[in-house]
Amino acid sequence: MQLILLGAPGAGKGTQAEFICKQFGIPKISTGDMLRVEIAARTPIGQKVQGIMAEGKLVPEEIVNSLLMARLKLPDCKKGFLLDGYPRTISQAELLETNGILIDAIIEIYISDEDIIKRLSGRRIHPQSGRTYHIIYQPPKNPEIDDITQEPLIQREDDKEETVRMRLQVYHQQTEPLIAWYQKRSPNKYIQVEGEGAVNSICDQIMQKLGSVMEKRDGDRHINQG
Ligand code: AP5
């Protein structure tokens, strides 16, 4: 299963990615998480992207493309993967195509900008794993502590309100055009879910819609082989 998760910053991509990946036994590949690991390790890439990410802008394509392509070559991707935060531009989507990387479904989570701004101020993350919490909607068992490792949670540097507004602007200008692009190219693989509501119910809707896409895909394969 090779999936793409699309949506504005804070739409709930990372949150839903955890459930989807567990369900299908596939790795979550988040370019944002990969870049934050580079920053934490103070690598040359990390030093290059730190300021750009703190401003809420997209990092240069050559950096994110080479990180992603290297990650997709690792053995755990043989059984499939879920891309969270990639592609973010049409040229990134074209790169997947030119490299022959086939996608089974594109899942878009949509939510209003106002709700996103409210949400991101309460987000906390476990930087080592990328696990996400919210101080009100999805709190950890103990405040500011990761449920699994008991390590401290942090607030992301780019979750300040003015940076969130910049990230939303970048999303509308550079990433949103991907919605029409994929809907036109792969209408049978395109899934949309409303990101406002209980986390479990959004997850159920995704699973149900993914089931329909897979049934249709398997039906088409059967007809073509028959
Ligand atoms: P990235 O890390 O990908 O961030 P993002 O896309 O902006 O998305 P977020 O992680 O902020 O949000 P999310 O949708 O995963 O929401 P979450 O589940 O956490 O990218 C960061 C930066 O890296 C970019 O700005 C860019 O600079 C760079 N970058 C990354 N990829 C790149 C690329 N391909 N090209 C160029 N640059 C790239 O949920 C948010 C909060 O809401 C959480 O607190 C959560 O607990 C809560 N929540 C979730 N669901 C619900 C719900 N249903 N109800 C209530 N609360 C909820």
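To be clear, the structure that these remarks concern was listed above.
Counting of residues starts from 1 at the beginning of each chain's written sequence and follows it residue by residue. Where totals are concerned, whole chains, interfaces and linings use all residues; where local detail is concerned, this predicted model gives features only for residues with pLDDT of at least 70, and gives and counts side-chain atom pairs only at 80 or more. Hydrogens and water are ignored here; the side-chain numbers use all heavy atoms of the structure.

Draft legend 1. Broad picture of the nonpolar core. Buried residues of nine kinds, namely Ala, Val, Leu, Ile, Met, Phe, Trp, Tyr and Cys, make up a nonpolar core once their side-chain atoms join them within 4.5 Å. Three labels apply to residues, based on accessible area from a 1.4 Å probe with only protein chains included: buried if under 20% of the type maximum, exposed if over 50%, partly exposed otherwise in between. Membership of the largest hydrophobic core comes to 55 residues, with the highest contact counts inside it found for Leu 72, Leu 83, Leu 96, Tyr 182 and Leu 210. The numbering of helices and of strands both runs from the N terminus, where a helix is a DSSP run of H or I of at least 4 residues and a strand a run of E of at least 2. In terms of residues, this core owes the most to one element, helix α4 (residues 61–72), which gives 6 residues. If sequence neighbours within four positions are ignored, Tyr 182 has contacts with Ile 4, Pro 87, Ala 93, Leu 96, Ile 106, Pro 187 and Tyr 190. In what follows, residue pairs with any heavy atoms lying within 4.5 Å of each other are defined as contacts.

Draft legend 2. Focus on the pattern of salt bridges. Here, a salt bridge means any side-chain nitrogen of Lys or Arg that lies within 4 Å of a carboxyl oxygen of Asp or Glu. Applying the stated criterion to the full structure yields 15 salt bridges. Two residues, Asp 159 and Arg 123, come together in a salt bridge whose shortest N-O distance is 2.9 Å. Highlighted residues: Asp 159 in the loop between β6 (131–134) and α7 (161–175) and Arg 123 in strand β5 (residues 123–126), separated in sequence by 36 residues. An identical accessibility class is assigned to Asp 159 and Arg 123; each is buried.

Draft legend 3. Region of interest: the packing of aromatic side chains. Side-chain rings of Phe, Tyr and Trp, where Trp is taken by its six-membered ring, are said to pair if the distance between their centres is within 6.5 Å; with planes under 30 degrees apart they count as stacked, over 60 as edge-to-face, and otherwise as tilted. Summed over the entire model, instances satisfying the criterion amount to 1 aromatic pair. With a centroid separation of 5.0 Å and 80 degrees between ring planes, the pair formed by Trp 181 and Tyr 182 is classed as edge-to-face. Each member of the pair Trp 181 and Tyr 182 is classed as buried.

Draft legend 4. A look at a nonpolar patch on the surface. Note that patches include only residues with greater than 30% relative accessible area and no salt bridge, and the join distances are 9 Å for like charges and 5 Å for nonpolar side chains (Val, Leu, Ile, Met, Phe, Trp, Tyr). Here the open area of atoms and residues is found with the Shrake-Rupley method and a 1.4 Å probe, where only the protein chains shown may cover a residue. On the surface, Ile 135, Ile 136 and Tyr 137 cluster together into a nonpolar patch covering about 350 Å² of accessible area. The topology assignment puts Tyr 137 in the loop between β6 and α7.

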